[in-house]
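Remarks on the overall topology
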Amino acid sequence: MSDLRELYQEVILDHNKRPRNFQKLEGANRTAEGYNPLCGDQLMVYLRMEDDMIKDISFQGSGCAISKASASIMTATLKGKTKAEAEVLFETFHKMVTADLGVTFDQLEVGKLAAFSGVREFPVRVKCATLPWHTLHAALEGKREAVSTE
Amino acid sequence: MRTINELAAQETLRGRPAGFDVERVRQDFPILRQQVHGKPLVYLDSAATSQKPQVVIDAVTRYYQAENSNVHRGIHLLSERATELFEDARAKVARFLNASDAREIIFVRGATEGINLVAQSYGKMSLKAGDEIIISAMEHHSNIVPWQILCQETGAALRVIPINDDGELLMDEFKKLLNARTRLVSVVHVSNALGTINPVKQIIEMAHSHGVPVVIDGAQAAPHLSVDVRALDCDFYVLSGHKLFAPTGIGIVFGKAHLLEAMPPYQGGGDMILSVTFERTLYNVVPFKFEAGTPHIAGAIGLGAAIDYLTEVGLDKIAAYERGLLAHATDALAAIPGLRIIGTAKEKAGILSFVLDGVHPHDIGTILDQDGIAIRTGHHCAQPVLQRFGVPATARASLAFYNTREEIDALARAIHKVTTLFG
Ligand SMILES: Cc1ncc(COP(=O)(O)O)c(C=O)c1O
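The paragraphs below set out a description of the structure included in this document. (Residues numbered from 1 in each chain as written. Chains lettered and ligands numbered in written order. Predicted model: local features only at pLDDT ≥ 70, side-chain atom pairs only at ≥ 80, totals over all residues. Heavy atoms only, no water.)

Things to note about the overall build of chain B
- On a plain count of helices and strands, chain B comes out with 15 helices and 17 strands.
- Over its C-alpha atoms chain B spans a radius of gyration of 22 Å, differing by no more than 12% from the 22 Å that the globule rule assigns to 423 residues.
- Across its three principal directions, the C-alpha atoms of chain B cover 75 × 55 × 40 Å.
- Sequence separation of 24 or more characterises 72% of the internal contacts of chain B that already satisfy a separation of 6 or more.
- When the accessible surface of chain B is split by element, carbon and sulfur atoms take 53% of a total near 16400 Å². (Helix = DSSP H or I, 4+ residues; strand = E, 2+ residues; numbered from the N terminus. Rg over C-alpha atoms; globule rule 2.2 N^0.38 Å. Contact = heavy atoms within 4.5 Å. Areas by Shrake-Rupley, 256 points an atom, 1.4 Å probe, with all protein chains shown as cover.)

In structure tokens:
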């Protein structure tokens, strides 16, 4: 059970049960859709950008606890951040969930995202954790096609 | 064909019929001895692919060690021997399916290629704009997409037999769909997502009364029930070797000889010809006309060995044992609060799809895996039927005759653990 507790940390279980910013965003000016064909996860990310600033962000869709919590925590983290800051966080997050075991992360840098540090022990779940971020990236870039993890 | 129900009647004890010793059978499958995450492997994903008995592994190894050669083309001893083994395997498949002639057995890569062969050869030859193909709401993508491609190419239309909330075909609706424009019916024998055993004999009778030929996707049926293509009177029957305890990359199309003879080739190349000039090519006879290129010889031999093995264990005993195991598993899962079984047909094979309140199937899969329990999660390549049940994904435990009641109990315990974790 110890490895499982690493993966399913309380924060993740909580965001899975009560996802934040889980609705369609009125007045969104950027959206993107993401799929994970492996498990059937599907997700929409909505953004309201003012210049380069994420004024508001939300998501909808269906997915596993990891992808849902990842989307929830992502939206909570990014409100008020700039596009450039969001991209840096995505990179940090991606590094964290794919890093070799033993690599540690600066708590300040990753903040709440640290809850996902257990994902790297479950390689097949990395895509679940990163799907919301890939979808966000597509929305920020204004891409039209749906994002797929495959 | 005898149904599992009839077979169950001869059980002595539920799940423990006379003459079937699951512990002995398990010895035949070396992979089952291993540990996963420090726990004994509990393999409940046989609908995705089945495990292989030692005799199949040995047959493949022996072929590569002592018999390897190309078939149908050499005059040397090894080639003769390989050809004999390959054709023996074809004859074994013919007997296994009770086909009247080994010529009616075509080797392909698997059920998917089999359906594509029928669609592209028989389908293209016989369909035109306005014609209709009937499939069902519970098909695997491999019995949907090849027909959609054919419809796009010919202007034919796809019609779908609906199902009820238990996952059973609505036969009255099927009757209404059959009409003068219907050219082909293609349905799954046993659903991989729901476990439903469809009344294929009745479907075939109804279609034939309209002069319509029927394709049966037997990928999930062959591992669980004895199939008799002559008793069914089906026109085509496809299956995958790897779900039948044989290697991957080998499968079967059974086709009635007169249909195969009238059909154009599926692919062009070596082996499928009698003579080639730049002006004109004469095609080989059935079944070789449909087997372009060097086939998966070792796979076919492995399939022959799997069939020998199944025959030895006894298909009737296997079906009776699985019936008891399924009943036990259904009871065990149904007793878990918040668990809903998707697919509750009266006639079912050993497949249990389920969802758990508030927990995504993918999370169930990860947690079970930590206990060494292998199940499948997702849409099982059957998205339309899951949509029908309003779920994007399910967790699926699928049984084979090497599974035990103790393994089912381990599954139930692990699911309880999931419920606790997500509580
Ligand atoms: C009902 C059914 N039909 C067809 C297939 C396709 O089989 P294969 O992938 O071996 O070609 C499967 C495999 O999952 C199946 O379950």
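After that view of the structure, there is still more to cover.
A few points about helix 8 (residues 200-208) of chain B
Residues and elements named next belong to chain B.
- For helix 8, the full list of buried residues reads V200, I203, I204, M206 and A207. The arc that holds the buried residues of helix 8, viewed along the axis, is 165 degrees, so those residues lie on one side.
- Looking at the buried positions of helix 8, the neighbouring elements they touch are helix 7 (171-177), strand 7 (182-188), strand 8 (214-217) and helix 9 (229-232). (Buried < 20%, exposed > 50% of the residue type's maximum accessible area, 1.4 Å probe, protein only. Arc of directions from axis to C-beta.)

Brief notes about the packing of aromatic side chains
Residue and element names in this part refer to chain A.
- Evaluation of the coordinates by the stated rule reveals 18 aromatic pairs over all chains.
- Measuring from centroid to centroid gives 5.5 Å for F93 and F116, while their planes differ by 70 degrees, and the two rings are edge-to-face. Residue F93 is found in helix 4 (residues 83-98), and its partner F116 is found in the loop between helix 5 (107-110) and helix 6 (126-141); the two are separated by 23 residues along the sequence.
- Exposure remark for F93: the relative accessible area of 1% places this residue in the buried category. (Phe/Tyr/Trp six-rings, centres within 6.5 Å; stacked < 30°, edge-to-face > 60°.)

Details of the site of the ligand
Residues and elements named next belong to chain B.
- Lining the immediate surroundings of the ligand are 13 residues, of which T112, D217, S240, H242 and K243 lie closest.
- Contact between the ligand and D217: a nitrogen atom at 2.5 Å from a side-chain N or O atom of the residue.
- One of the side-chain N or O atoms of H242 is found 2.7 Å from an oxygen atom in the ligand.
- Within the complex, 86% of the 390 Å² of free accessible area of the ligand lies under protein.
- Partitioning the shell around the ligand into residue classes produces 3 nonpolar, 8 polar and 2 charged. (Near = heavy atom within 4 Å. Polar contact = N/O pair within 3.5 Å; in protein donor to acceptor, adjacent residues only side chain to side chain. Nonpolar A, V, L, I, M, F, W, Y, C, P; charged D, E, K, R; others polar.)

Side note on the interface of chain B and chain A
- Taken residue by residue, the interface counts 16 residues in chain B and 22 residues in chain A.
- Taken together, the two surfaces of chain B and chain A that pack against each other cover about 1500 Å², and 62% of this comes from carbon and sulfur.
- Linking chain B to chain A there are 1 salt bridge.
- Between D363 of chain B and R125 of chain A there is a salt bridge, with its nearest N and O atoms 2.8 Å apart.
- Counting the contacts that link chain B with chain A gives 6 residue pairs in polar contact (both at pLDDT 80 or more).
- For the side of chain B that touches chain A, the secondary structure elements donating two or more residues are helix 13 (361-370), strand 16 (376-378) and helix 15 (405-422) of chain B.
- The dominant element in the side of chain B that touches chain A, judged by the number of residues it contributes, is helix 13 of chain B, at 5 residues.
- Class assignment of the residues belonging to the side of chain B that touches chain A gives a composition of 5 nonpolar, 9 polar and 2 charged. (Buried area = accessible area lost by both parts, 1.4 Å probe. Salt bridge = Lys/Arg side-chain N within 4 Å of Asp/Glu carboxyl O.)

Topic: the sheet that holds strand 4 (residues 105-108) of chain B
Residue and element names in this part refer to chain B.
- One open sheet accounts for 7 strands, arranged 4-10-9-8-7-5-6; its pairing is mixed. The open sheet is flanked by strand 4 and strand 6 (157-161), the only strands paired with a single partner. Averaged over all pairs of adjacent strands, the angle between strand axes in this sheet comes to 20 degrees, irrespective of strand direction.
- Along the sheet face, helix 4 (residues 77-96) touches strand 4 and strand 10 (251-255) and points at about 120 degrees away from the line of strand 4. (Pairing = 2+ DSSP bridges. Axes fitted to C-alpha atoms, helices over the stretch in contact; angles between N-to-C directions.)

Read these as spatial facts, not as claims about activity.
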